[in-house]
Amino acid sequence: MNQEEQIKKSRDLAKEILLLTRDHLLVSLRFLHMALYQFKSFQLIDNNTIGSNGEMLFYDYKYILKTYKGEKEVLARTYLHMVFHWIFYDPFKVGIEDANLWNLATDIAVENIILELNIKAVETQRDIEQKDVIDKLKEKTEITAEKLYKYFWRNPLTEDQLKKDSALFKRDEHSIWGFNLKQKQFDSQIDAEFIYKKFEEQKEEYQEEIQEEWEKISERVKVELETFSKERGEETTALIQNIKEVHRDHYDYGEFLKQFSVLSEEIQVNNDEFDYGFYTYGMQLYGNLPLIEPLEHKEVYKIKDFVIAIDTSGSCSGEVVQDFLNKTYSIMKSTENFFKKVNIHIIQCDAKIQQDTKITSDEEFEKFMDNLQLFGFGGTDFRPVFYYVEELIEQGEFDNLKGLIYFTDGYGIFPEWRPKYDVAFVFLDENYNEKKVPSWAIKLVLQEDELKI
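Residues numbered from 1 in each chain as written. Predicted model: local features only at pLDDT ≥ 70, side-chain atom pairs only at ≥ 80, totals over all residues. Heavy atoms only, no water.

> Could you give an account of the overall build of the protein, with specific residues and numbers?
If you tally the helices and strands in the protein, you get 15 helices and 10 strands. Within the protein, the proportion of its 453 residues that are buried is 49%. For the protein, the proportion of contacts with a sequence separation of at least 24, taken over those separated by at least 6, is 70%. With an accessible surface of roughly 23,800 Å², the protein has 47% of that area assigned to carbon and sulfur atoms. (Helix = DSSP H or I, 4+ residues; strand = E, 2+ residues; numbered from the N terminus. Buried < 20%, exposed > 50% of the residue type's maximum accessible area, 1.4 Å probe, protein only. Contact = heavy atoms within 4.5 Å. Areas by Shrake-Rupley, 256 points an atom, 1.4 Å probe, with all protein chains shown as cover.)

Structure (structure tokens):
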């Protein structure tokens, strides 16, 4: 057998090993069927690694043979690791300032899930060392890619520690996520020309197609995961936690506030009911005398009567509360959302009412923010706010109270009765862990960066 034939045989063997590895994973993880079989083709590269762009799996056949011979479980672990990255949309994350930290955060989150699955076919020699690192991190943050990234951003690793942890948790080549392959990396010119063209000429459209496909797969995995957990008789906590975070809805806070608007008249030019024909005719006929003046009132949907309740219990930090109020204030200043004259009560409460500040204008809100002082920091009971608001309504304090927003960490006693106005409990994603709210309340989860102005 000559050298060319030997190389072809080695390549065929490497691909066969990959396909068998995939099939063996399916035996233990049936709920991942669609995800495991999503890689539609297997493309050769020559860089001693393995990776995927979501549609194709790229591998160095020499790397596959060497890895399988040395510790075959590593190959199964790597394949599963790659699949989870796509299920959790790790390659599609935008706005990342530090790619190295994001790579590490996603790798740790995925490896934690695999460790918890406790599947013998993917156990490797690194597991004990990985568990030690993860156990220490669990004392400080939840093990999801988003939360790990934020933790590392606030608590920077030394350069040596970053390199050490990255090497410990890395399995696949993340640079392939961004479709940054160069022609010289491919074994065959045919593959190179095909991939280069698809990546460079149709990069944006191609990536959108891949993302849409993995969104469908991820949703299917989420549905089938419940059955899988019941069959095993145990919950795969880390996997469920990560996939719920991926599929959690996120909202634009400004748009969300519009739900609490009411129809009323406000002094402003009403262009919708203004007839420019008669106006122009009058100006032409008399020089500077329009026949019809613009209407000065217009009916609009905006926020007027409103309550903002702030949880000032010990678990809500002053900085986070300030960010929330600053964000609300910045939205309030927009004439598109709030009336110029408003009736807003900002109520601070822990286990009892600590302070109520009435706001009727931008100037009062600005003064309040300049002199903001938080009171409380005791336990949490949501009920006093609702009792207090009922008293304000009975006293005629509100003309038409549309809603109340309660900013909280969620650890408190909810009222058992439904108020006559809409209620929303706003949680910060960092402190959120599937908090249950009453069926009559709206639940909104905000990312910390959504509170920044």
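> Provide a residue-level description of a negative patch on the surface, including the pertinent values.
Residues Glu 129, Asp 132, Asp 135 and Glu 139 make up a contiguous surface patch of negative charge. In this structure Asp 135 comes out as partly exposed when scored by relative accessible area, which is 43%. (Patch = residues over 30% accessible without salt bridge, like charges linked within 9 Å, V, L, I, M, F, W, Y side chains within 5 Å. Salt bridge = Lys/Arg side-chain N within 4 Å of Asp/Glu carboxyl O. Lys, Arg positive; Asp, Glu negative; His and termini not counted. Charge placed at Lys NZ, Arg CZ, Asp CG, Glu CD.)

> Pulling in residues and values, what's your account of the confidence of the model for the protein?
Confidence along the protein averages 79 in pLDDT terms, with 74% of residues attaining 70 or more. Within the model, pLDDT remains below 50 along residues 297–301, and this stretch shows 24 contacts once partners closer than five positions in the same chain are excluded. (pLDDT = per-residue confidence, 0-100.)

> A description of the side chain of Gln 348 should follow, citing residues and the corresponding values.
As for its placement among the helices and strands, Gln 348 is situated in strand E6 (residues 338–349). On the basis of relative accessible area, Gln 348 is assigned to the buried category, the value being 2%. Among the polar contacts made by the side chain of Gln 348, one reaches the main-chain amide nitrogen of Phe 375 at a distance of 2.7 Å. (Polar contact = N/O pair within 3.5 Å; in protein donor to acceptor, adjacent residues only side chain to side chain.)

> Which residues make up the pairing of strand E3 (residues 56–59), and what values do they have?
Regular strands place their side chains on alternate faces of the sheet. Across the two faces of E3 the burial is the same, with Met 56 and Phe 58 and Leu 57 and Tyr 59 all buried. Examined bridge by bridge, strand E1 (residues 41–44) and E3 share 4 bridges and lie parallel to one another. In the strand pairing of E3, Phe 42 is matched with Leu 57. Pairing geometry for strand E2 (residues 50–52) and E3, over 3 bridges, is antiparallel. Counterpart to Ile 50 in the pairing with E3 is Tyr 59. Taking the residues that link successive antiparallel strands as the turn, the E2-E3 hairpin has 3 residues, and the phi of Gly 54 there is positive, at about 100°. (Pairing = 2+ DSSP bridges.)

> With reference to specific residues and values, describe unusual backbone geometry.
Located in the positive-phi region is Tyr 89, a residue other than glycine, with phi close to 60°. With respect to the secondary-structure elements, Tyr 89 resides in the loop between helix H3 (61–87) and helix H4 (99–117). Although it is not a glycine, Asn 118 sits at a positive phi angle of roughly 55°. Relative to the elements of secondary structure, Asn 118 occurs in the loop between H4 and helix H5 (127–138). The exposed category is assigned to Asn 118, whose relative accessible area is 57%.

> Any chance you could break down the side chain of Thr 357 for me, citing the residues and the numbers?
In this structure, Thr 357 sits in strand E7 (residues 353–359). Setting aside its immediate chain neighbours within four residues, Thr 357 contacts Ile 344, His 345, Ile 346 and Phe 368.

> Can you break down the packing of aromatic side chains residue by residue, with the values?
For the coordinates displayed, the defined rule picks out 21 aromatic pairs. Look at Trp 86 and Phe 92: their rings are 5.4 Å apart centre to centre, the planes differ by 70°, and that puts the pair in the edge-to-face class. Summarising the burial analysis for this pair, Trp 86 and Phe 92 share the class buried. Here the aromatic residues Phe 382, Phe 386, Tyr 387, Tyr 406, Phe 414, Trp 417, Phe 425 and Trp 440 are joined through ring pairs into a cluster of three or more. (Phe/Tyr/Trp six-rings, centres within 6.5 Å; stacked < 30°, edge-to-face > 60°.)

> Give me the lowdown on the sheet that holds E2, citing residues and values where you can.
Strand pairing in a sheet is mediated by backbone hydrogen bonds. Such pairs are either parallel or antiparallel. Reading across the sheet, the 3 strands line up as E1-E3-E2 and stay open at both edges, with mixed pairing between neighbours. Edge positions in the sheet fall to E1 and E2, since each of these pairs with one other strand and no more. The average undirected angle you get between the axes of adjacent strands in this sheet is 25°. Sheet strands in contact with H3 are E1, E2 and E3, and its direction is about 25° off that of E2. (Axes fitted to C-alpha atoms, helices over the stretch in contact; angles between N-to-C directions.)

> Could you give an account of helix H1 (residues 3–28), naming the residues involved and the relevant values?
Taking 1.5 Å per residue as the helical rise, H1 with its 26 residues ought to reach 38 Å, and the 38 Å between its terminal C-alpha atoms agrees with that figure. Residues Ser 10, Ala 14, Ile 17, Leu 18, Thr 21, Arg 22, Leu 25 and Leu 26 constitute the buried set of H1. Here the buried face of H1 lies against helix H2 (33–36), E1, E2, E3 and H3. (Expected span 1.5 Å × (residues − 1).)

> An account of the nonpolar core is requested, with residue identities and associated values reported.
Counting 65 residues, the largest nonpolar core has Tyr 59, Tyr 79, Phe 84 and Ile 87 as its most contacted members. In terms of residue count, the dominant contributor to this core is H3 (12 residues). Within the second largest apolar cluster, 28 residues are counted, among which are Leu 325, Val 342, Ile 346 and Leu 446. (Core = buried A, V, L, I, M, F, W, Y, C linked by side-chain atoms within 4.5 Å.)

> Describe in detail the packing of H4 against helix H6 (residues 145–154), supporting the description with residues and values.
Relative orientation of the contacting elements H4 and H6 amounts to 135°, with a least axis distance of 8 Å. Classified by the angle between their axes, H4 and H6 sit oblique to one another. The crossing of H4 and H6 is right-handed. Facing H4, whose interface residues are Leu 101, Trp 102, Leu 104, Ala 105, Thr 106, Ile 108 and Ala 109, H6 presents Ala 145, Glu 146, Leu 148, Tyr 149, Phe 152 and Trp 153. Class assignment for the residues of the contact of H4 with H6 results in 11 nonpolar, 1 polar and 1 charged. (Parallel < 35°, antiparallel > 145°, perpendicular 65-115°, else oblique. Left-handed = near helix turned anticlockwise from the far one by under 90°. Nonpolar A, V, L, I, M, F, W, Y, C, P; charged D, E, K, R; others polar.)

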